[in-house]
Amino acid sequence: MSAIQEESVDGPNQVIQVLFALHPSFGAQELCGPLEVLSNALHKIKDPSTKAFECTVAAASQGVTSSSGLTVKADIDFDDALEDLKDYDILIIPGGRGVEEVIKKEAEPLAIIKAFAELQQSDPSKERSLLSIGTGSLLLGHAGILQGMAATTHPDYYTKMEIICKDAARRGDLEQTDVMEENYVVNNARFDLGDKLDENPFILSKRPDGRRQSIARKGSNAWKESVKRRESNARRAKLKLGGLRVITSGGVTSGLDASLYLVAAMVSHESAEEVARFLQYSWNKGVTVEGIDV
């Protein structure tokens with residue numbers, strides 16, 4: 001059952017379904033970081049029975065090996081993942097050294113990335129999110145998902161990312177991608193900024209490098225409250241990709257930050273803070289949201 005359903009505010013907390021799509025030579029930390037964050041998130045702090053996310057790993061074979069030699073057993077193959085894709089609320093694409101080989105061979109997870117975006121466009125009644133870690137954004141770019149959006153990637157791949165996105169634009173509708181040198185970038189963010197911007201946990205009032213400050217819609221509302229504030233289907237359908245929340249992050253630690261952002265946006269800010277505390281991680285909350293600036 002998908003977590004994102006029209007429930008009454010007093011209804012039970014739903015488990016949000018997450019699908020990790022792995023390719024050969026993926027980055028182990030780019031999988032394990034978000035997996036640790038989401039696996040430890042709870043709807044109610046200190047209540048283990050209120051697990052917020054359930055994670056599933058998909059790969060082309062039963063075992064898939066990272067660039068560092070870690071072999072992970074997949075829960076399902078891509079055929080099954082595609083068949084059940086409508087059941088998932090979040091699709092996560094880790095990067096790694098194998099990304100360029102995936103692009104060269106037009107291999108998975110390219111097809112599942114495209115299918116997830118197409119699913120949101122055909123059924124905007126649900127709130128879905130697509131998150132890439134590090135060079136995983138190169139796959140989103142090649143798949144044409146980032147046209148007309150803003151995105152980031154691993155700092156060593158900014159130029160490669162620009163080339164891939166320009167090639168995708170030539171194959172598509174010519175819409176360009178704004179490749180940004182940022183921690184992580186959110187497109188089609190869900191939550192309002194609120195009136196008290198100085199209290200928003202995702203606003204950077206100062207940048208240590210002197211660049212412009214970044215801002216995100218506030219993600220401190222509980223999951224039950226989000227039901228009341230969700231956009232109408234018609235409004236979401238008018239957004240790019242049917243309102244699919246597209247998040248790209250710059251690397252391993254940026255992926256942790258982006259994963260915590262998802263917890264804050266979809267569960268509560270308190271839950272995200274508790275996960276960061278438990279993992280002994282200093283959460284960088286500053287985020288860039290496409291189309292919004294202060």
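As named in an unreviewed UniProt entry, the protein chain is DJ-1/PfpI domain-containing protein, taken from Lepraria finkii.

So, the nonpolar core
Core analysis: the biggest nonpolar cluster contains 40 residues, and F53, I90, I92, V186, I247, Y261 and V263 have the highest contact counts within it. A per-element tally of this core places helix 9 (residues 252–266) first, with nine residues. Grouped together as the second largest cluster of nonpolar side chains are 35 residues, V99, L119, L146 and V246 included.

Observations concerning the pattern of salt bridges
The final tally for this structure, using the stated rule, is nine salt bridges. One salt bridge in this structure joins D167 and R170, with 2.2 Å as the shortest N-O distance. Within this pair, D167 and its partner R170 are both found in helix 6 (residues 158–171), separated by three residues, close to a single helical turn. One salt-bridge network, held together by shared partners, links K46, E274 and R277.

What about the environment of G286?
Positionally, G286 belongs in the loop between helix 10 (269–278) and strand 12 (288–289). Sequence-wise, G286 and Y184 are 102 residues apart; in three dimensions their C-alpha atoms are separated by 8.4 Å.

Looking at the environment of L38
Secondary-structure assignment places L38 in helix 1 (residues 28–39). Residue class for L38 comes out buried when judged on its relative accessible area of 0%. The spatial distance from the C-alpha of L38 to the C-alpha of V18 is 8.8 Å, given a sequence separation of 20 residues. Each residue touching L38, except ones within four places of it in the same chain, is listed here: V18, F53, C55, I92, S259 and V263.

How each quantity is defined
- Residues numbered from 1 in each chain as written.
- Predicted model: local features only at pLDDT ≥ 70, side-chain atom pairs only at ≥ 80, totals over all residues.
- Heavy atoms only, no water.
- Core = buried A, V, L, I, M, F, W, Y, C linked by side-chain atoms within 4.5 Å.
- Buried < 20%, exposed > 50% of the residue type's maximum accessible area, 1.4 Å probe, protein only.
- Helix = DSSP H or I, 4+ residues; strand = E, 2+ residues; numbered from the N terminus.
- Salt bridge = Lys/Arg side-chain N within 4 Å of Asp/Glu carboxyl O.
- Contact = heavy atoms within 4.5 Å.

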